[in-house]
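Reading the structure
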Amino acid sequence: MSKVALITSITGQDGSYLAELLLKKGYTVHGINRHIPLSARQHTEFIDDGFSIHSPGFYLHEEDLADTSSLNDLLARLAPDEIYNLGGLRHTAERHRHHSSYTEADISALRFLEAIRSQGLEQKTRYYHASPAELCGLVNGMTINEMVTSTLCPPETVALICDFWTVVNYRKTFGIYACNGILFNHESPRRSEHFVTRKISMGLANITQGLEQCLYLGNLNALRDWGHAKDYVKMQWSMLQQDEPEDFVIATGVQYTVRQFVTFAALELGIKLRFVGKGTEEKGVIAAIISPIAAALKVGDVVVAVDPRYIRPAEKCKVSANPTKARRKLGWGPETSLQDLVIEMVQADLASAKEMARLKLYG
Ligand code: GDP
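A brief report on the enclosed structure follows.

Here is what the cut-offs are and how they apply
The numbers attached to residues start from 1 for each chain and follow its sequence in the written order. Residues qualify for local features only when their pLDDT is at least 70, as the model is predicted, and side-chain atom pairs are given and counted only at 80 or more; totals for whole chains, interfaces and linings, by contrast, use all residues. Side-chain numbers here rest on the full set of heavy atoms in the structure, without hydrogens or water. Here a strand is any run of E in DSSP of at least two residues, a helix any run of H or I of at least four, and the numbering for each starts at the N terminus. Think of it in three bands: residues with accessible area under 20% of the maximum for their type are buried, residues over 50% are exposed, and the middle band is partly exposed, with areas taken using a 1.4 Å probe on protein chains only. In these tables, accessible area is a Shrake-Rupley quantity obtained with a 1.4 Å probe, and a residue counts as shielded only by the protein chains included in the view. Note: two strands are recorded as paired if DSSP finds a minimum of 2 bridges between them. Simply put, an axis is a line fit to the C-alpha atoms, just over the touching stretch for a helix, and the angle between two N-to-C directions goes from 0 to 180 degrees. Throughout, a residue-residue contact means that at least one pair of heavy atoms, one from each residue, lies within 4.5 Å. Polar contact criterion, stated in full: a pair of N or O atoms within 3.5 Å, where within protein one must be able to donate a hydrogen and the other to accept it, and residues adjacent in sequence count only if both atoms are side-chain atoms.

What to know about the overall build of the chain
Helices and strands together make up the secondary structure of the chain, namely 11 helices and 17 strands. Across the 363 residues that make up the chain, the buried fraction comes to 52%. Accessible surface, the chain: about 16300 Å² in total, of which carbon and sulfur atoms supply 53%.

Here's what the structure looks like:
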């Protein structure tokens, strides 16, 4: 009998990579999303290493997680061995803007854990909860490990903290195998362009093909710890395979600035950049063209500029991660370097940009 897994937010980056991983391991995978319009199926169509959304063993469900009775019905029908709740994660800037509606939508751990109890699945179903690093109420200079919890509690993180402690409490009180995974930024060609890495790979690729002229960004000094989503979903799975349930921080432990990410992405496209000016006047200027990919551009072109609209007020830019526990207990180590991640993202966006430029030329 194959194991049965239930994954929320199946159409997102992590959901699609995790589904691929579990299908390869022989699981039956049920993916849920509140709405699955055809256009939103794009990521699940990435399930293409021999699998597709039509593969045997892969099922899509359109469910509203806020509806307790349909969640109970689903658990009663599927009796999953593992639940991966990836659904609470939203883009940071969005969460700041609309935190009351996200607070309501985010509190899903309680609904899942209660459904596990009410279906009598406490001894069978293991539960993974995706908790973003912001739940710790980030403080500049802080290093996050599993011990750091709520030093501050900004309003937009209330739901995240509630979910985090619900998972801990159900583990301790009801003996359910439930874990929080605190995953730092993890990217890929499937990342939405709301995130800076994808915005950069897409923007610069478009510039080389004449589709855009300049990439406008916010704080170029912001530091982030970026890994590859494909590596991180392996740890989500691994957290549910231990003898005892625990919470884990997953990160590379190494930070880069947004400016460095831009520099690496530009180099992959054959552009050597020079940054001039300070603050909102800073510009990325082409210092040399080193590959035919960027042949349409010329030395001196300004291809990166700062737009103050993208600068987040009171952002915590210097928060680092300590993934020692995951290294020790899960054997965690990132398989993909930042440079390889950049290459993969840029090459995927370059292929799309070339196709778009070709269609524009003939269309
Ligand atoms: P986050 O860590 O979840 O907020 O992921 P993002 O990819 O959205 O942001 C990563 C960092 O890049 C943050 O420090 C942002 O302030 C910074 N950043 C700089 N310019 C931009 C931009 O144009 N868009 C976004 N999304 N982030 C930017």
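Re the sheet that holds strand β15 (residues 283-289)
In spatial order, the strands read β9-β16-β15-β14; together these four strands make up an open sheet with mixed pairing. For this open sheet the edge positions go to β9 (215-217) and β14 (271-276), each flanked by a neighbour on one side alone. Strand-to-strand twist in this sheet, taken as the mean axis angle between neighbours without regard to direction, amounts to 25°. Pairing geometry for β14 and β15, over six bridges, is antiparallel. Residue pairing in the sheet places Arg274 in a bridge with Val285 of β15. Contacts from helix α7 (residues 196-208) reach β9, β14 and β16 (302-306) within the one sheet, and its direction differs from that of β9 by about 160°.

Some details on the environment of Val158
Along the chain, the position of Val158 falls in helix α6 (residues 158-174). Residue classification places Val158 among the partly exposed positions, given a relative accessible area of 39%. Residues Val158 and Ile107, spaced 51 residues apart in sequence, show a C-alpha to C-alpha distance of 9.3 Å.

Notes on the side chain of Arg171
As for its position among the elements, Arg171 is in helix α6. Reaching out from Arg171, the side chain makes a polar contact with the side chain of Asp247 at a distance of 2.8 Å. In this structure, Arg171 is in contact with Ile176, Ala178, Cys179, Asn180, Pro245, Glu246 and Asp247, ignoring residues within four places of it in sequence.

Considering the pairing of strand β5 (residues 126-132)
Among the seven residues that make up β5, six are buried, leaving the element largely enclosed by the rest of the structure. As paired elements, strand β4 (residues 82-85) and β5 share four bridges and run parallel to each other. From the neighbouring strand, Glu82 faces β5, where its bridge partner is Arg126. Of the strand pairs in this sheet, β5 and strand β7 (residues 178-183) are connected by six bridges, and their pairing is parallel.

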